[in-house]
Amino acid sequence: MNRTLGTQLRTLLELLDGAVERAYEKLGLDYRPRYTPIMRVLIDRRSASVGEIAEAAGISQPSATQTIGIMANAGLVAIGAGVDDARKRVVRLTAKGRALVPALQSCWMATAVAAESLDRELDPPLGPCLEAALAALARRSYDERIQQALQTQQ
């Protein structure tokens with residue numbers, strides 16, 4: 001049976017995220033791969049609104065909101081009033097979140113080396129191929145492509 005694109009991508013993501021999660025566990029970290037885009041933004045910016053995090057991380061706002069909520073429950077981030085505008089809710093790393101940063105950065109470096117190793121075995125390399133796919137979808141969404149395919153079937 002041929003696997004569809006969606007099935008292939010889900011399987012690939014499960015294999016990659018599963019390995020990264022096991023690496024965190026081996027280091028004794030209570031941390032999920034889905035936190036990484038948000039952590040990276042907060043490491044760079046110190047604090048940001050959910051919308052700013054979503055935009056900078058390249059993820060949807062609902063996904064950012066959900067993940068930030070999970071991270072807050074785990075004690076990694078705090079959500080509070082903005083410094084310049086108390087009405088604006090901003091997210092910051094807690095002391096617990098900041099304490100994880102050195103171990104996370106070490107794991108991220110190892111993950112980058114592993115990704116480069118995988119890319120060397122592939123033609124074309126996965127990283128650039130995925131970037132090209134994302135750029136193509138930015139030009140014309142998958143929704144549009146599906147609708148066009150449905151219209152040609154009628």
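Our subject is the structure that appears above.
Going along each chain's sequence as written, the residues are numbered from 1 onward. Only residues with pLDDT of at least 70 get local features here, since the model is predicted, and only at 80 or more are side-chain atom pairs given and counted; chain-wide, interface and lining totals rely on the full set of residues. Here the side-chain values reflect all heavy atoms present in the structure, with hydrogen atoms and water set aside.

**Q** Can you help me understand the overall build of the protein in this one?
**A** Runs of H or I in DSSP of at least four residues are treated as helices and runs of E of at least two as strands, each being numbered from the N terminus. Of the regular secondary structure elements, the protein holds seven helices and three strands. Listing each helix as α and each strand as β along the protein from the N terminus yields α-α-β-α-α-β-β-α-α-α. Its C-alpha atoms give the protein principal-axis dimensions of about 55 × 40 × 25 Å. Two residues form a contact once any of their heavy atoms are found within 4.5 Å. By sequence separation, contacts in the protein at least 24 residues apart represent 46% of the contacts at least 6 residues apart.

**Q** Can you help me understand the pairing of strand β3 (residues 89-93) in this one?
**A** Each regular strand displays side chains that alternate between the two surfaces of the sheet. We treat two strands as partners when DSSP finds at least two bridges between them. Pairing between strand β1 (residues 47-48) and β3: two bridges, direction antiparallel. In the strand pairing of β3, Ser47 is matched with Arg92. Judged from the five bridges that link them, strand β2 (residues 77-81) and β3 form a sheet pairing that is antiparallel. Directly across from Ala78, in β3, lies its bridge partner Arg92.

**Q** Mind showing me how you'd approach the environment of Asp30 here?
**A** With respect to the helices and strands, the residue Asp30 is situated in the loop between α1 (5-26) and α2 (36-45). Separated by 44 residues in the primary sequence, Asp30 and Ala74 place their C-alpha atoms 8.7 Å from one another.

**Q** Help me out: how do you make sense of the sheet that holds β2 in this one?
**A** Note on sheets: strands pair through backbone hydrogen bonds, and any given pair is parallel or antiparallel. Read across the sheet, three strands follow the order β1-β3-β2 without closing on themselves; strand pairing throughout is antiparallel. Of all the strands in the sheet, the pair left with one neighbour each is β1 and β2.

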